[in-house]
Amino acid sequence: MHIPKKEHPETKIKGEIKIFIYEEKMRTLIKKYGLQDHIHMSGRITNRQALALHYKIADLFLFPSIYDSSSLVQIEAASQKTPTLFLKDTATASTIKHNINGY
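None of the values given here were measured: they were computed from a predicted structure.

Looking now at the overall build of the chain. In terms of helices and strands, the chain carries three helices and four strands. Put simply, the chain runs from its N terminus to its C terminus through helices and strands in the order β-α-β-α-β-α-β. Of all 103 residues assigned to the chain, the portion counted as buried reaches 22%. Put simply, of all contacts in the chain between residues at least 6 apart along the chain, 53% involve residues at least 24 apart. A total accessible area of about 8,100 Å² is found for the chain, and carbon and sulfur atoms account for 58% of it.

Before going further, it helps to examine the nonpolar core. With seven residues, the main nonpolar core is built from Ile45, Leu51, Tyr55, Phe61, Phe63, Ala77 and Phe86. Taken together, the elements giving at least two residues each to this core come down to helix 2 (48–57) and strand 3 (61–63). What Phe63 contacts, discounting residues up to four positions off in sequence, is Asp68, Ser71, Val73, Gln74, Thr84, Leu85, Phe86, Leu87 and Thr92.

One full turn of an α-helix is made of 3.6 residues, so residues set three or four places apart face in the same direction. When helix 3 (residues 72–79) is considered as a whole, its buried residues turn out to be Gln74, Glu76 and Ala77. Buried residues of helix 3, seen end-on, are gathered within an arc of 165 degrees and therefore sit on one face of the element. For helix 3, the exposed residues lying more than 90 degrees away from the buried face are Leu72, Ile75 and Ala78. Looking at the buried positions of helix 3, the neighbouring elements they touch are helix 2, strand 3 and strand 4 (84–86).

The rules behind these values
Residues numbered from 1 in each chain as written. Predicted model: local features only at pLDDT ≥ 70, side-chain atom pairs only at ≥ 80, totals over all residues. Heavy atoms only, no water. Helix = DSSP H or I, 4+ residues; strand = E, 2+ residues; numbered from the N terminus. Buried < 20%, exposed > 50% of the residue type's maximum accessible area, 1.4 Å probe, protein only. Contact = heavy atoms within 4.5 Å. Areas by Shrake-Rupley, 256 points an atom, 1.4 Å probe, with all protein chains shown as cover. Core = buried A, V, L, I, M, F, W, Y, C linked by side-chain atoms within 4.5 Å. Arc of directions from axis to C-beta.

What follows is the structure, given as structure tokens:
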């Protein structure tokens, strides 16, 4: 799979990967697809103002949880008007009403 760089502006990944085994896999995939210049893994952000800024400048917040239905990160992203992508048929996706508060 080739992803032309001009089609993908810089992406920042906020937060801390709680299961560190996935961090190396993510870094490998980022390198494999040539996205090193477009994705920044920031690690844990503890400053509330910096966190709000990260959400505000993000184009999209990906929430890949299968079971978590009331996470604070969803509220934080929404407070900065950051679109959130949920996995289909998950607890979080069930909160979306098509064409009302999401798609």
